[in-house]
Amino acid sequence: MTKNILLTGGSGFIGTKLSALLIANGYSVSILTRSERKATNDITYYKWSLENNYIDEVSVLKADYIIHLAGENIAEKKWSDKRKKEIIDSREKPIELIYAVLKKNNKTLDAFISASAVGIYGAFTSETICTEETPAANDFLGETCQKWEAATNCIESLGIRTVKIRTGLVLGKNEGFLKKLAPIFKYGFGSIIGIGKQYMPWIHIDDLCTIYLQAIINPNIKGAYNAAVSDDTTNAIFSKALANVYGYSIWLPRVPSFVIKLIMGEMSKIVLTGQRVSSQKIENAGFKFEYPNLEPALINCLK
Ligand SMILES: NC(=O)c1ccc[n+]([C@@H]2O[C@H](COP(=O)([O-])OP(=O)(O)OC[C@H]3O[C@@H](n4cnc5c(N)ncnc54)[C@H](OP(=O)(O)O)[C@@H]3O)[C@@H](O)[C@H]2O)c1
């Protein structure tokens, strides 16, 4: 029988690409969303509202797998205390709602797979290569990811295989952070940000979707996995590669850190700091990157 996969936040950047891959691999896909959407031939939509503690229970009851992608965009607005709470709640609360339905109905799943982020290791720039064993940091992103991942413990306590995909910056066509960056670079105004030495762990969207697919198929995949190419891409390397794809060398001076801090506040840590991560664990589980090198990945997304 066709297995059903329920995606929370499945109408976003990653969810849209992942849904297409899952459908192409013979799964049926359902999506939990806050907005009214009409079902297509391939996708059924279900409503939920975190503010009202409401979830259409049918979505969970018919699911064999759940992939949790929902969450307020961390880079959309300045990190006020209110915004920080929204960022955390929008990741934790969905898991609590799903858990309540599973528990009430004595329902199990083949697996629960949650997005997480490499930000769990903290916003710092050092040569340390973070593996899944590296302790989580106690800055805002580190704490957010810890709470996000810890929220899955209740699902795991039901005997459900639980996976956490610690994702780096996702490269996609006209999507994610490239959507904002690409037009600036395209017209020749690209530049290095801050000291330029901050690491930028990245992954092509196709590779990320394959990791999710493997997490579904392979029952040995459990726990946390880094999902980012394990190279030495820094902001300077990334910026130069992006300019190169558009056929020029960076000519503008670096954007000083204090300017970014003035504009973005605490959120500037997203662009001014970064961590190096290892992809060894997911590769040991059998995953192979289709895009292990930055420039071909950028060319695929931008040309
Ligand atoms: N893209 C990246 O580079 C990246 C990197 C690391 C980690 N991640 C994580 O991966 C997940 C998916 O990323 P994405 O790039 O696909 O994000 P996205 O395009 O912003 O999509 C996230 C989806 O979550 C839902 N959502 C947003 N706020 C919500 C709220 N308050 N309550 C319930 N649902 C809410 C929205 O769906 P509806 O509007 O349909 O409800 C939205 O489409 C996120 O958790 C993100 O933090 C992404």
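Because the structure is a prediction, the values reported are computed rather than measured.

## Description of the pairing of strand S1 (residues 4–8)
At step 1: With 5 of 5 residues buried, S1 lies mostly within the body of the structure.
At step 2: Across the two faces of S1 the burial is the same, with Asn4, Leu6 and Thr8 and Ile5 and Leu7 all buried.
At step 3: Where S1 meets strand S2 (residues 28–33), 5 bridges bridge the pair, whose relative direction is parallel. Paired with asparagine 4 across the bridge in S2 is serine 28.

## Quick notes on the site of the ligand
At step 1: What surrounds the ligand is a group of 22 residues, the closest being Ser11, Ile14, Thr33, Glu72 and Arg91.
At step 2: The separation between an oxygen atom of the ligand and a polar main-chain atom of phenylalanine 13 is 2.9 Å.
At step 3: Threonine 33 has a polar side-chain atom sitting 2.6 Å from an oxygen atom of the ligand.
At step 4: Here the ligand loses 83% of its free accessible area of 880 Å² to cover by the protein chains.
At step 5: Taken together, the elements giving at least two residues each to the shell around the ligand come down to helix H1 (13–24), helix H3 (81–104), strand S6 (111–117) and strand S9 (169–171).
At step 6: Within the shell around the ligand, the residues separate by chemical class into 9 nonpolar, 9 polar and 4 charged.

## A word on the UniProt feature "domain: DUF1731" (unreviewed entry) in the chain
At step 1: When the UniProt feature table is mapped onto this chain, "domain: DUF1731" (unreviewed entry) is found at residues 255–298.
At step 2: Counted over residues 255–298, helix gives 50% and strand 5%. Its end C-alpha atoms are 22 Å apart.

## Focus: the pairing of S6
At step 1: Within S6, 6 of the 7 residues are buried, which leaves the element mostly enclosed by the surrounding structure.
At step 2: One crossover worth recording links strand S5 (residues 65–68) to the parallel S6 by way of H3, and it is right-handed.
At step 3: Sheet topology places S6 next to strand S8 (residues 162–167); 6 bridges connect them, and they run parallel. Directly across from serine 114, in S8, lies its bridge partner lysine 164.

## Here's the deal with a nonpolar patch on the surface
At step 1: Taken together, the side chains of Ile184, Tyr187, Phe189 and Trp251 define a hydrophobic patch exposed on the protein surface, amounting to about 510 Å² of accessible area.
At step 2: Relative to the helices and strands, tryptophan 251 resides in the loop between helix H8 (235–245) and helix H9 (257–264).
At step 3: Since its relative accessible area comes to 55%, tryptophan 251 is described here as exposed.

## With respect to empty space enclosed by the protein
At step 1: Counted by the stated rule, this structure contains 1 cavity of 30 Å³ or more.
At step 2: Approximately 40 Å³ is the volume found for the largest cavity.
At step 3: Lining the largest cavity, in full, are Tyr199, Met200, Pro201, Val229, Asp231, Thr233, Gln275, Arg276 and Val277.
At step 4: Of the residues in the lining of the largest cavity, the class split is 5 nonpolar, 2 polar and 2 charged.

## Overview of the UniProt feature "domain: NAD-dependent epimerase/dehydratase" (unreviewed entry) in the chain
At step 1: Mapped onto this structure's residue numbering, the UniProt feature "domain: NAD-dependent epimerase/dehydratase" (unreviewed entry) falls at residues 5–226.
At step 2: With 36% helix and 22% strand, the stretch residues 5–226 has end C-alpha atoms that lie 22 Å from each other.

## A few points about the sheet that holds S6
At step 1: Spatially, 8 strands are ordered S4-S3-S2-S1-S5-S6-S8-S11 in an open sheet, and the strand pairing comes out mixed. Each edge of the sheet is formed by a strand with only one pairing partner; in this case those strands are strand S4 (54–55) and strand S11 (223–227).
At step 2: Bridge count for S2 against strand S3 (residues 43–49) is 5 bridges, and the pairing is parallel. Within S3, the residue paired with valine 29 across the bridge is isoleucine 43.
At step 3: Helix-sheet contacts for H1 involve S1, S2, S3 and S5, and the interaxial angle to S1 is about 175°.
At step 4: Sitting on the sheet, helix H7 (residues 205–217) is in contact with S1, S5, S6, S8 and S11, with an inclination near 170° to S8.

Cut-offs and rules
Residues numbered from 1 in each chain as written. Predicted model: local features only at pLDDT ≥ 70, side-chain atom pairs only at ≥ 80, totals over all residues. Heavy atoms only, no water. Buried < 20%, exposed > 50% of the residue type's maximum accessible area, 1.4 Å probe, protein only. Helix = DSSP H or I, 4+ residues; strand = E, 2+ residues; numbered from the N terminus. Pairing = 2+ DSSP bridges. Near = heavy atom within 4 Å. Polar contact = N/O pair within 3.5 Å; in protein donor to acceptor, adjacent residues only side chain to side chain. Areas by Shrake-Rupley, 256 points an atom, 1.4 Å probe, with all protein chains shown as cover. Nonpolar A, V, L, I, M, F, W, Y, C, P; charged D, E, K, R; others polar. UniProt positions renumbered as here; feature names shortened; annotations may be inferred. Right-handed = clockwise from strand over helix to strand, strands pointing away. Patch = residues over 30% accessible without salt bridge, like charges linked within 9 Å, V, L, I, M, F, W, Y side chains within 5 Å. Salt bridge = Lys/Arg side-chain N within 4 Å of Asp/Glu carboxyl O. 1 Å grid on protein atoms, 1.4 Å probe; cavity = no way out; pocket = protein on both sides within 12 Å on 5 of 7 lines; lining within 4 Å. Points joined across faces, edges and corners; volume = space filled by probe spheres on them. Contact = heavy atoms within 4.5 Å. Axes fitted to C-alpha atoms, helices over the stretch in contact; angles between N-to-C directions.

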